[in-house]
Amino acid sequence: MFDDETVDIVCPNCGRKNPILVRDVEDHSETRVNCHQCGAVVKVDAEDFRRRLAQVRQELEALQLEARRAGNSRRPRKDNFQI
Ligand SMILES: [Zn+2]
């Protein structure tokens, strides 16, 4: 379901974010990403990754909920218009 979803892996060496496919990580117990900027090899542990991904998704959902709520309160309602 999240096949084409990408996540950013932050290089511990230079801080550059390297986007990788979620699918690629979940298919292996360990994934190595070559940093696009400095070439450092960043190891991604699938277990750890899954845990972090779950957290990110929860935070995202919370953010989306918040945005929706904020959007609703800011959207002009019919009552606010005078005709
Ligand atoms: Zn780097």
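Preceding block: the structure.
Criteria and thresholds
Position labels on residues start from 1 in each chain and follow its written sequence. For this predicted model, a pLDDT threshold of at least 70 governs which residues receive local features, and a threshold of 80 or more governs which side-chain atom pairs are given and counted, while totals over whole chains, interfaces and linings are taken from all residues. Excluding hydrogens and water, the side-chain values take into account all heavy atoms of the structure. Numbering goes from the N terminus for both helices and strands, where a helix is a DSSP run of H or I of at least four residues and a strand is a run of E of at least two. Buried means the residue's accessible area, taken with a 1.4 Å probe over protein chains only, is under 20% of the maximum for its type, while exposed means over 50%, and partly exposed covers the values in between. A contact between two residues is defined here by any heavy atoms of the two lying within 4.5 Å. Values of accessible area rely on a 1.4 Å probe in the Shrake-Rupley scheme; residue burial ignores everything except the protein chains shown. Think of a 1 Å grid over just the protein atoms. A cavity is a set of points where a 1.4 Å probe fits yet cannot get out, a pocket is an open set with protein on both sides within 12 Å along at least five of seven lines, and lining residues have an atom within 4 Å of a point. Grid points are joined across faces, edges and corners, and a volume is the space filled by probe spheres set on the points. Note that Gly is not counted as nonpolar here; it falls among the polar residues with everything else outside the nonpolar set of Ala, Val, Leu, Ile, Met, Phe, Trp, Tyr, Cys and Pro and the charged set of Asp, Glu, Lys and Arg. DSSP calls a pair of strands paired once it identifies at least 2 bridges connecting them. Sodium, potassium and calcium take a 3.2 Å donor cutoff, other metals 2.8 Å, and in both cases only N, O and S atoms count; water is not among them, so sites may look incomplete. Metal sites are grouped by the angles between bound donors: all angles between 85 and 135 degrees with four donors is tetrahedral, opposite donors over 155 degrees apart with the others between 65 and 115 is square planar for four donors and octahedral for six, and any other pattern is irregular.

**Section: the overall build of the chain**
Tallying secondary structure elements over the chain gives two helices and four strands in all. Helices and strands appear in the chain in the N-to-C order β-β-α-β-β-α. Residues counted as buried form 18% of the 83 residues belonging to the chain. Across the chain, the fraction of contacts at a sequence separation of at least 24, relative to all contacts at a separation of at least 6, is 27%. Here the chain displays about 7000 Å² of accessible surface, and carbon together with sulfur accounts for 47% of that area.

**Quick word on the layout of surface pockets**
Estimated volume of the largest pocket: approximately 170 Å³. The wall of the largest pocket is formed by Val-7, Asp-8, Ile-9, Val-10, Phe-49, Arg-52, Leu-53, Gln-55, Val-56 and Glu-59. Top contributing element to the lining of the largest pocket by residue count: helix H2 (residues 46-74), with six residues. Tallied by class, residues from the lining of the largest pocket come to six nonpolar, one polar and three charged.

**Quick look at the pairing of strand E2 (residues 17-21)**
Here E2 shows a clear split, with Asn-18 and Ile-20 buried on one side and none of Lys-17, Pro-19 and Leu-21 buried on the other. Inspection of the sheet shows strand E1 (residues 6-10) paired to E2 by five bridges, in the antiparallel sense. Residue pairing for E2: Val-7 is matched across the bridge by Ile-20. In textbook terms, the turn of a hairpin is the stretch between consecutive antiparallel strands, and for E1 and E2 this stretch comprises six residues, one of which, Gly-15, has a positive phi near 85°.

**With respect to the coordination of the zinc ion**
Distances from the zinc ion to its protein donors, namely Cys-11 (SG), Cys-14 (SG), Cys-35 (SG) and Cys-38 (SG), fall within the range 2.3 Å. Coordination at the zinc ion is tetrahedral: its four donor atoms span angles of 104 to 115° at the metal. Along the chain, the residues that donate to the zinc ion are spaced as C-x2-C-x20-C-x2-C. The exposure class assigned to Cys-35 is buried, which follows from its relative accessible area of 5%. The class of Cys-38 is partly exposed, set by a relative accessible area of 35%.

Keep in mind these numbers describe shape, not what the thing actually does.
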